Amino acid sequence: MSKVTVVGAGNVGATTANVLVTSQIADEVVLIDIKEGVSEGKAMDIMQTANILHLQSRLKGVTNDYAATENSDVVVITSGVPRKPGMTREELIGVNAKIVKSVTDSVLAHSPNAIIICVANPMDTMTYLIHKISGLPKNRIIGMGGALDSARFKYFLSCALDANATEVEGIVIGGHGDTTMIPLKRFAAYRGIPVSSLIPAEQLDKVAADTMVGGATLTKLLGTSAWYAPGAAAAQMVGAVLGDQKRMISCSCLLEGEYGEKDLCIGVPAIIGRNGIEKIVEFDLNEEEKALFAASAAAVHKTNEALKGAL
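Owing to the predicted nature of the structure, the values given are computational and were not obtained by experimental measurement.

Caption draft 1: Expanded view of the side chain of Arg152. Within the fold, Arg152 resides in helix H6 (residues 145-161). Despite its burial, Arg152 pairs with no opposite charge, the nearest such side chain being Asp149 at 4.4 Å.

Caption draft 2: Expanded view of the packing of helix H1 (residues 11-22) against helix H9 (residues 228-242). Two elements in contact, H1 and H9, have axes whose closest approach is 8 Å; the angle formed by their N-to-C orientations is 50°. Here H9 runs oblique to H1, going by the angle between their axes. Read as a crossing pair, H1 and H9 show a hand that is right-handed. On H9, the residues that touch Val12, Thr15, Thr16, Val19 and Leu20 of H1 are Tyr228, Pro230, Gly231, Ala232, Ala234, Ala235 and Val238. Residues that form the contact of H1 with H9 fall into these classes: 9 nonpolar, 3 polar and no charged.

Caption draft 3: Focus on the pattern of salt bridges. In this structure the tally under the stated criterion is 12 salt bridges. Residues Glu167 and Arg191 are paired through a salt bridge, measuring 2.9 Å at the closest nitrogen-oxygen approach. Within this pair, whereas Glu167 is found in the loop between H6 and strand S7 (168-169), its partner Arg191 is found in the loop between strand S10 (189-190) and strand S11 (193-194), the two being separated by 24 residues in sequence. Three or more residues are tied together by salt bridges with common partners; here these are Lys138, Glu256 and Glu258.

Conventions we followed
- Residues numbered from 1 in each chain as written.
- Predicted model: local features only at pLDDT ≥ 70, side-chain atom pairs only at ≥ 80, totals over all residues.
- Heavy atoms only, no water.
- Helix = DSSP H or I, 4+ residues; strand = E, 2+ residues; numbered from the N terminus.
- Buried < 20%, exposed > 50% of the residue type's maximum accessible area, 1.4 Å probe, protein only.
- Lys, Arg positive; Asp, Glu negative; His and termini not counted.
- Salt bridge = Lys/Arg side-chain N within 4 Å of Asp/Glu carboxyl O.
- Axes fitted to C-alpha atoms, helices over the stretch in contact; angles between N-to-C directions.
- Parallel < 35°, antiparallel > 145°, perpendicular 65-115°, else oblique.
- Left-handed = near helix turned anticlockwise from the far one by under 90°.
- Contact = heavy atoms within 4.5 Å.
- Nonpolar A, V, L, I, M, F, W, Y, C, P; charged D, E, K, R; others polar.

Right under this line is the structure:
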């Protein structure tokens, strides 16, 4: 029996729980939130689809009762203040660091062997915070951002190609931010054919640019952060862990010399399986890509400096 806890019953957390249950990724899911009734109501609403969708997974909503999360295999942390229009991810640090620290302590008290997937923003910095306060081995803490950014990249690629999105390959590395992520245009492909040979360079550049502001575009349209794709991306990562899929997913990993960086959580390709991050995959970047990655890493390092008061 697999058990997953999703912390935070807001739009992203509830969507994560919904995908986990409706795709039957986990046998048991606990949705927990600090606000009375929210997780219970959303869990009840989702579970009322069980007969309609022939579901076997079970979902329970609780208010601030971490005892209910005991012995979770995976914990997804989505809690925190969402990004408002015009707000950068970096501006979220002060309040979200306190929330993530409290949540991490609470979940590990009941599930000391869990793998933690961080979704809370600013995601790379919150993932780094969890590493610093938890003492867990690096393979058991994963930041979700690169999975979402890569999904957005593949969406825009499929639109440019007028192609089936499931047949398009693309990966985004670097920080999970509008100016720090790096869509790797050189590696984008459609059924093994380089996208660069299928569409003009300027169109591929636009795809990359649209990807980088993908989150901000949705925030402007919706008035808050996106939730369907982030929730699905988090659930995908849970599935890779529970199913021991050995799936290569771009995610925020603690680097210890890989890509020339140390003491930093940032998006890179990694093999995700039952042990969490089983291997960091080092792409052979060209000089331009190396420079972009170095600049992205420097920006994330700078953001992390704001954590000093929280550590």
